[in-house]
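One-letter residues, chain by chain:
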Amino acid sequence: MRKYVIMGVQGSGKGTQSALLADDLDLVHISVGDIFRWHVKHHTKLGAQVRRLVAAGELVGDDLVEDVVKDRLQLHDWNYGFIIDGFPRNRRQAEFFLESYDLDGVIHLDLPDDEVRRRVLARRLCSRCGMDYNLIAHRPEVEGRCDVCGGNLVTREDDTPDALARRLADYHSKIDPVVELFKRKEYVMTIDARADKATVQRAIRTRFNLPPYLPSDARLSG
Ligand SMILES: [Zn+2]
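Named according to an unreviewed UniProt entry, the chain is Adenylate kinase originating from Nonomuraea monospora. Listed under Subunit (unreviewed entry) in UniProt, the entry text for the chain is "Monomer." The Catalytic activity (unreviewed entry) comment attached to the chain in UniProt states, word for word, "AMP + ATP = 2 ADP".

See below:
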């Protein structure tokens, strides 16, 4: 049984790195963002609550996040463990988490703010089918056009420099203290997230003594 928390600012590759670990090690990937998006998409009561907050320009509160995570963990479908992304969001939640679950470690993906800006401001979205692009890592074949449906690529509404600056400030004020708390308990491995995704994944595996990362084509031919 392996239990991890992954922390990192938006654009640090948390989702990608969690998915690679989860797939390979049979961990359940608990992404708070994905859970909320699922509720919004399926028009649940919780989804309606999230929609109202977002429409009012507010963030989803820490207590609501905590309830969602507790409910999710209580399903106990994580026979081989879990990797959780988007929680804890404050020191109280971090302390609760440390007391309640015997964590194997905290993966801290470290990415400087200027690199976050470079990555996030390069994101584009197809206005027709919703496919994600990135002008650095995943360019469309034809500039400004979706490879899948030919729709126009647009910038997300909240990916402006001002909105990003606010999110970065919010992240640092809330999450830096959580990382510091975990560090005092010696659970944290800080990984340089500037490298490509395979390099970052290999670094995580090495630091936590996990089985080596073999990209899937290498695995097939081996
Ligand atoms: Zn499209």
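So, next bit.
Considerations on the coordination of the zinc ion
Distances from the zinc ion to its protein donors, Cys126 (SG), Cys129 (SG), Cys146 (SG) and Cys149 (SG), fall within 2.3 to 2.4 Å. One can describe the site at the zinc ion as tetrahedral: its four donor atoms subtend angles covering 98 to 116 degrees at the metal. Expressed as a motif, the donor residue spacing for the zinc ion is C-x2-C-x16-C-x2-C. Taken together, the residues Cys129 in the loop between β5 (123-126) and β6 (132-134) and Cys149 in the loop between β6 and β7 (153-154) connect sequence positions 20 residues apart. Residue classification places Cys129 among the partly exposed residues on the basis of a relative accessible area of 43%.

A word on the UniProt feature "binding site: AMP" (unreviewed entry) in the chain
Taking the UniProt record as the reference, the feature "binding site: AMP" (unreviewed entry) is found at Arg37, Glu58, Leu59, Val60, Gly86, Phe87, Pro88, Arg89, Gln93, Arg156 and Arg167. Across 131 residues of sequence, these annotated residues are also dispersed in space, with a maximum C-alpha separation of 30.5 Å. The topology assignment puts Glu58 in the loop between α3 (45-55) and α4 (62-74). One can find Pro88 in the loop between β3 (81-85) and α5 (91-100). Apart from the residues within four sequence positions on either side, Pro88 is in contact with Val5, Met7, Gln93, Ala94, Phe97, Ile175, Val178 and Phe182.

Some remarks on the environment of Ala22
Within the secondary structure layout, Ala22 lies in helix α1 (residues 14-25). Residue Ala22 is classed as buried on the basis of its relative accessible area of 8%. In this structure the C-alpha to C-alpha distance between Ala22 and His138, which are 116 residues apart in sequence, comes to 23 Å. Those residues in contact with Ala22 that lie beyond four places of it in its chain are Leu27, His29 and Ile83.

Some remarks on the sheet that holds β5
Taken in spatial order, the three strands make up an open sheet running β6-β5-β7, and their pairing is antiparallel. Only two strands of the sheet have a single neighbouring strand rather than two, namely β6 and β7.

Description of the nonpolar core
By size, the foremost hydrophobic cluster in this structure holds 53 residues, and its most contacted members are Phe36, Phe82, Phe97, Ile107 and Phe182. It is helix α7 (residues 161-184) that contributes the most residues to this core, eight residues altogether.

As for the sheet that holds strand β2 (residues 28-31)
The strands making up a sheet associate through hydrogen bonds between their backbones, and the pairing can be parallel or antiparallel. Pairing is parallel in the open sheet, where five strands are placed in the order β2-β3-β1-β4-β8. Among the strands making up the open sheet, the edge pair consists of β2 and β8 (188-192). Mean inter-strand twist for the sheet, computed between neighbouring axes without regard to direction, equals 20 degrees. With five bridges joining them, strand β1 (residues 2-8) and β3 adopt parallel strand pairing. Pairing of Arg2 across the sheet is with Gly81, part of β3.

Some details on the packing of α5 against α7
The N-to-C vectors of α5 and α7 enclose an angle of 35 degrees; their axes lie 9 Å apart at closest approach. By crossing handedness, the relation of α5 to α7 is classed as right-handed. Of the residues in α7, those in contact with Arg91, Ala94, Glu95 and Leu98 of α5 are Pro177, Val178, Leu181, Phe182 and Arg184.

What about the pairing of β3?
The buried fraction of β3 is high, at five of five residues. Side chains Gly81, Ile83 and Asp85 of β3 all project onto a buried face; the interleaved residues Phe82 and Ile84 project onto the opposite face, where all are buried too. Where β2 lies against β3, four bridges are found, and the strand directions are parallel. Note that in β3 the partner of His29 across the bridge is Ile83.

Quick word on the environment of His108
Turning to its location among the elements, His108 is positioned in strand β4 (residues 105-110). Sequence-wise, His108 and Ala193 are 85 residues apart; in three dimensions their C-alpha atoms are separated by 8.9 Å. If near-sequence neighbours (up to four positions away) are discounted, His108 is found in contact with Met7, Val179, Val188, Met189, Thr190 and Ile191.

So, how was this worked out
- Along each chain, the written sequence defines residue order, and numbers are assigned to residues from 1.
- With pLDDT at 70 or above as the cut-off, local features in this predicted model cover only qualifying residues; side-chain atom pairs require 80 or more to be listed or tallied, and sums for whole chains, interfaces and linings still use all residues.
- Heavy atoms throughout the structure, all of them, feed into the side-chain values; hydrogens and water do not.
- UniProt positions are given in the numbering used here, feature names are shortened, and annotations may be inferred rather than shown by experiment.
- As a rule, N, O and S atoms within 2.8 Å of a metal are its donors, except that Na, K and Ca use 3.2 Å; water is not among the atoms, so sites may look incomplete.
- When four donors show all angles between 85 and 135 degrees the site is tetrahedral, when four or six donors have opposite pairs over 155 degrees and all other angles between 65 and 115 it is square planar or octahedral respectively, and in every other case it is irregular.
- The secondary structure listing takes helices from DSSP runs of H or I that are at least 4 residues long and strands from runs of E that are at least 2 residues long, numbered from the N terminus.
- Buried residues are those whose accessible area, probed at 1.4 Å on protein chains only, stays under 20% of the maximum for their type, while exposed residues exceed 50% and partly exposed ones sit between those limits.
- Whether two residues are in contact is decided by their heavy atoms: any pair within 4.5 Å suffices.
- The rule for pairing is simple: two strands pair if DSSP sees at least two bridges between them.
- Residues belong to one nonpolar core when they are buried, are Ala, Val, Leu, Ile, Met, Phe, Trp, Tyr or Cys, and are joined through side-chain atoms within 4.5 Å.
- All axes are obtained by fitting lines to C-alpha atoms, using only the stretch in contact for helices, and the reported angles, taken between N-to-C directions, cover 0 to 180 degrees.
- Here is the rule for handedness: rotate from the far helix to the near one, and if that takes an anticlockwise turn smaller than a right angle the crossing is left-handed, while a clockwise turn gives right-handed.

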